[in-house]
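# Close look at the chain arrangement
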Amino acid sequence: MTRDFYLLLPLVIVGAGAILLMLRAAFGKLTLDAAAPVSMCVFALAFIAQVFTGTTGHYTPYGSVFSGMLVVTDFTRVASLIILACGFFTSMSSQSYFKDNDFGLVEYYSLIAFSACGMLLLAMSQELITAFISLEIMSLSIYVLVGFNRRNVAGSEAVLKYLMLGAFTGAFFTMGTALIYGALQSTKFVAIGNYISTQGLFHSPALVGGAFFIIVAFLFKVAAFPFHAWVVDVYDGASMPVTGFMATALKTAIFAIFANFLMINPALKSSWVQYLFYIAILTMFGGNLIAIGQKTLKRMLAASGIVHTGYLLIALVAVSADHFSGNVILFYLAAYAVSTLGIFAALSYLTGKGEKRVAFEDFKGLAKSRPYSAAAITIFLLSMAGIPPTAGFMGKFYIIVSAINAGQVTLAVLGIVSSILSMWYYLRLIINMYFHEAQDSFETEKSLLGPACTLILAVCVFAISFYPIAI
Amino acid sequence: MFEHILSSMIFLPIVAGLLLLLFPATKSGARAVGLVVSVAVLLLGLKLYTGFNGAGGMEFVERQTWVQSLGINYILGVDGISLFVLMAGAVLIPLIFLVFSTKPKGYYANLLIVEGAMAGAVCAGDLILFYIFWEVMLLPIFFMIGLYGGQGKVAATLKITIYTIAGSLLMLAAILYLGVTYHNQFGVWSFDMTKIAALQLHGTAALLAFIGFMLAFAIKIPLFPFHTWLPDAYTEAPSAATFILSAIMAKIGVYAVIRFVIPVFGIEFTRYALLLAYLGVIGMMYCGIAAIAQKDFKRMLAFSSASHMGIIALGIFCMNIQALTGSLYQIVAHATSTGALFLFAGILEERSGTRKIDDLGGIASQAPIFAFFFAIAMLASVGLPGTNGFIGEFLIILGAIKFNVIIGVLAGTGLIIGVCYMLWMFQRVFFEKAKDSTAKFRDLSSAEVVAFLPIVILIIVMGIYPQPFLKKIEPAAKMQISSISQQVQVADTIVLEKGHKPEQK
């Protein structure tokens, strides 16, 4: 029992931090400027706790008490680390963002922490009801965060869209859970795995249907084709740091549970591999086509997020269920998170009052007036495009090696073709920043945390790249 | 430091360049740093050259484990082939810092980074390491063309970047395929070039991987018909970037074919050598004819450079010792002559304010020293006996005739085209009447004379007494050729054994 709580310490810290922030906000004891460092401290503490509460291998907390709801493995630990780091950097860049934008409230940070709680739980779930609850904890906080700027029409549209579709997803997930429970009289992953290995996957139609609904729900949340249409509008409507948070932490959490669910049993995964194969291809190319046409940065980044989902799906197809090691997925998620958070952190302070600089053209000549910010953005973009020696390259490298190794040569080659296509929209911003004359002086409110956050992340891009992993 | 002489040659300029980018510096300060660092690299290079004993194998090897689980290692080394490409860079780059004295800080910083990255690509003995340097060396060029280029710089930048990245990403797929195949055949991961060469590849997959590699290098060289980015990029790029692209980077493409394609894909290479050789000859003639028609001085040189790259590439596709040695020799010869020509073009443009051949004229009477130096570089580029261009082209054509008479004859006659455009251009620019733009053309300063003198001397020495240089190249060339014939023999015996089997039954 003590050990259980010890393993869940990061979750406890974030949860307590969220409640603390909420209470301080309610009594008006905390200024907006001071809330960001508090939130950062909470995430940093949880991060340190997560690093040190180590187990090696597979451990199930609440194995006896709550009948195997959660699991702690190296995979979930690293996923949690990524989520906590995302929370930390989002809080950091939000502080600068709210100097230029006037709708900030202390509750904002509390919501970030709450959604992180949901994500941490989700990554560790080994049971469908727990997964559903954590999914909703996460989603509800994110809905509020997306629509946080009440006076913004685009934000309201985004939140409505996301809420409606998200509600459908939740319903799909519940439906799937119900079907699986009907077939198995259990919602535990272990039980599902045992059932499939003794009876076979296609023994029970309810199980097949249930798995289908659940996977559709996951595919919606990660914005895979054909469930990607909401992403561009929602990301566009949300405020800058929130978009960054959604694009990284949320994706990490969902991919963690997605991988855990698929790896229940080799039969379940292999029955889905061929569909995921096509979904991955369509996601990459669909995302690229959408991204090429965009005029504003946020929409381009949203669409490029779809492309990155495609790469991650390649990794899901390629990893083997027999001896599942999620290193490839996690490395890519970390590399992607660093560069995406970095670029959103930079944009958080560069967009200026009321996010007035949004289009590619608005960043013309940035390199002349703010050379360091432009250099950092360039690093992030090169990492997203997968140019060595950045983290993005190593991430893509591992994914493609594991794809070829799993015999998916077609998928590997198509992944590379897709990254050739993506060069265009990443280069476009670099060209605008460097090769054109400035039309704007890029004045922003003075703030320290946003630029500092960008700098740290730019260093991380290289640091992660040189950190080798074992496949 | 001297155990890590290659690492220092790679990372000294890269680190210096990055520091220059990060910290404020004046133009002259940046130039001084660039000059000091590039001269230091040159000294290291000279030490390397004298210490190189030329037995044919890899020397100065450095080896460090990097990603153990995937067998990616940090391996550096030079042999007779890479030594000359490396030295061409080390000798020529200090020139840029001497000649161009008033450029912005970023210009010098990018030059340093590209110098280091090119050295890295040349010395890398691990495929992944090579790929990383290969990509990194494009980035400074991207920024140099985009930031300091001419009128159509954005379009030219996009064209060269997307073109070359598309090629190199396909090569990445091929590299990874090789790594995975090695893992399947031998049970361990490795991207070490010496080990990958032991792979037995056959079938469609091998062909596709071969195409992946060849495409990347054909774009970089550039081999006809992948040359379309070249005229735009060479013309719009600032002179130093054009210099780097034509004098050194294009050579790395040729070098990479020798180093990475021939040892692994000997069979595919032999099968398609004739086709590739024809592409080389066609490119040589096509770009030569296009050069005649150019009105822009720099664009003409760009086409001329592409035309010469065609014949250098031809030398490797002929697969015999004469042609291969000739190609390697010509790599250095062409680097000195074309490099010097592009630098002269930069000086010409700065002092006359125009690049149109029609607007120039009569420079020889205004600036006799400049005209004299220019003439030597030009004659070397044309391949006049007594200059280093002659030795290389002579050997290549000799080998080409041995390989295939038609190709040899075509290549030999193609050289005449080069004489046409060069001499005609020289007549129009340096003789005839002086125009407004050239009426007050300033001659080379004594500092510039000092800068160019070593190159001119090198051109002549290499043309008159090539033996010491050839001696270092030949053992490595012999090893390459024997590696091809070995692979082909092995493949033949496999086919024969398969053919015999039904009879035995």
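Residues numbered from 1 in each chain as written. Chains lettered and ligands numbered in written order. Predicted model: local features only at pLDDT ≥ 70, side-chain atom pairs only at ≥ 80, totals over all residues.

Assigned secondary structure in chain A consists of 19 helices and zero strands. For 471 residues, the compact-globule formula gives about 23 Å, and the C-alpha radius of gyration of chain A, at 21 Å, lands near that figure. When the backbone C-alpha atoms are referred to their principal axes, chain A occupies close to 70 × 55 × 40 Å. For chain A, buried positions account for 61% of its 471 residues. Long-range contacts, defined as pairs at least 24 residues apart, comprise 80% of the intrachain contacts of chain A with a sequence gap of at least 6. (Helix = DSSP H or I, 4+ residues; strand = E, 2+ residues; numbered from the N terminus. Rg over C-alpha atoms; globule rule 2.2 N^0.38 Å. Buried ≥ 20, exposed ≤ 12 C-beta atoms within 10 Å, placed from the backbone. Contact = placed C-beta atoms within 7 Å.)

What follows covers the overall build of chain B. Across its full length, chain B carries 20 helices and two strands. Against the 2.2 N^0.38 benchmark of 23 Å for 505 residues, chain B shows a C-alpha radius of gyration of 22 Å, consistent with a compact globule. Seen along its three principal axes, the alpha-carbon backbone of chain B occupies a region of about 85 × 55 × 45 Å. Taken over 505 residues, chain B has a buried fraction of 58%.

Here we come to the environment of A:Ala217. Residue and element names in this part refer to chain A. Along the chain, Ala217 turns up in helix 9 (residues 205-221). C-alpha of Ala217 to C-alpha of Gly170: the two residues are 47 residues apart in sequence and 7.2 Å apart in space. For Ala217, the residues in contact, after removing those within four places along its chain, are Thr169, Phe172, Phe173 and Gly176.

Glancing now at the interface of chain A and chain B. Between chain A and chain B, the residue contacts involve 21 residues of the former and 28 residues of the latter. Among the secondary structure elements, those contributing two or more residues to the side of chain A that touches chain B are helix 17 (391-405) and helix 18 (409-435) of chain A. It is helix 18 of chain A that contributes the most residues to the side of chain A that touches chain B, 11 residues altogether. A per-class count over the side of chain A that touches chain B returns 19 nonpolar, two polar and no charged. (Nonpolar A, V, L, I, M, F, W, Y, C, P; charged D, E, K, R; others polar.)

Below, the discussion takes up the nonpolar core. With 395 residues, the main nonpolar core has A:Ile83, A:Ala253, A:Ala315, A:Leu316, A:Ile329, A:Tyr332 and B:Ala88 as its most contacted residues. In this structure B:Ala88 touches B:Ala247, B:Ile248, B:Lys251, B:Ile331, B:Val332 and B:Ala335, once residues within four positions along its chain are discounted. (Core = buried A, V, L, I, M, F, W, Y, C linked by C-beta atoms within 7 Å.)

The relative placement of two packed helices is expressed as an angle between their axes plus a distance between the axes. Residues and elements named next belong to chain B. With their axes 11 Å apart at the nearest point, helix 13 (residues 297-317) and helix 18 (residues 405-430) run at an angle of 160 degrees to one another. In terms of orientation, helix 13 and helix 18 fall into the roughly antiparallel class. Viewed along their axes, helix 13 and helix 18 form a crossing whose handedness is left-handed. Between helix 13 and helix 18, the residues in contact are Phe297, Met300, Ser304, Ser307, Ile311 and Leu314 and Ala411, Gly418, Tyr421, Met422, Met425 and Val429, respectively. Of the residues contributing to the contact of helix 13 with helix 18, the split by class is nine nonpolar, three polar and no charged. (Axes fitted to C-alpha atoms, helices over the stretch in contact; angles between N-to-C directions. Parallel < 35°, antiparallel > 145°, perpendicular 65-115°, else oblique. Left-handed = near helix turned anticlockwise from the far one by under 90°.)

All names here are of chain B. With respect to the helices and strands, the residue Ala451 is situated in helix 19 (residues 446-464). Given 18 C-beta atoms within a 10 Å radius, Ala451 is considered partly exposed. Counting along the chain gives 355 residues from Ala451 to Ile96, while the straight-line C-alpha distance between them is 9.1 Å. Sequence-distant contacts of Ala451, defined by excluding residues within four places in its chain, comprise Leu95, Leu98 and Val99.

This part takes up helix 9 of chain A. Residue and element names in this part refer to chain A. With 17 residues, helix 9 extends 25 Å from end C-alpha to end C-alpha; this agrees with the ideal 24 Å at 1.5 Å per step. Buried within helix 9 are the following residues: Leu207, Gly210, Ala211, Ile214, Ile215, Ala217, Phe218, Leu219, Phe220 and Lys221. Just beyond helix 9, the residue with positive phi is Ala223, at close to 65 degrees. (Expected span 1.5 Å × (residues − 1).)

Here we take up the packing of helix 13 (residues 297-318) of chain A against helix 18 of chain A. Residue and element names in this part refer to chain A. Packing of helix 13 against helix 18 leaves a shortest axis separation of 11 Å and a crossing angle of 165 degrees. Our classification of the angle between helix 13 and helix 18 gives roughly antiparallel. As for the relative orientation of helix 13 and helix 18, their crossing is left-handed in sense. Across the interface between the two elements, Leu297, Met300, Ser304, Val307, Gly310, Tyr311, Ile314 and Val317 from helix 13 touch Leu411, Gly415, Ser418, Ser422, Tyr425 and Leu429 from helix 18. Looking at side-chain class alone, the contact of helix 13 with helix 18 contains nine nonpolar, five polar and no charged residues.

Quick look at the confidence of the model for chain B now. The predicted model of chain B has a mean per-residue pLDDT of 85, with 96% of residues at 70 or higher. Scored below 50 in pLDDT, residues 501-505 of chain B shows zero contacts in the model against residues more than four places distant or in partner chains. (pLDDT = per-residue confidence, 0-100.)

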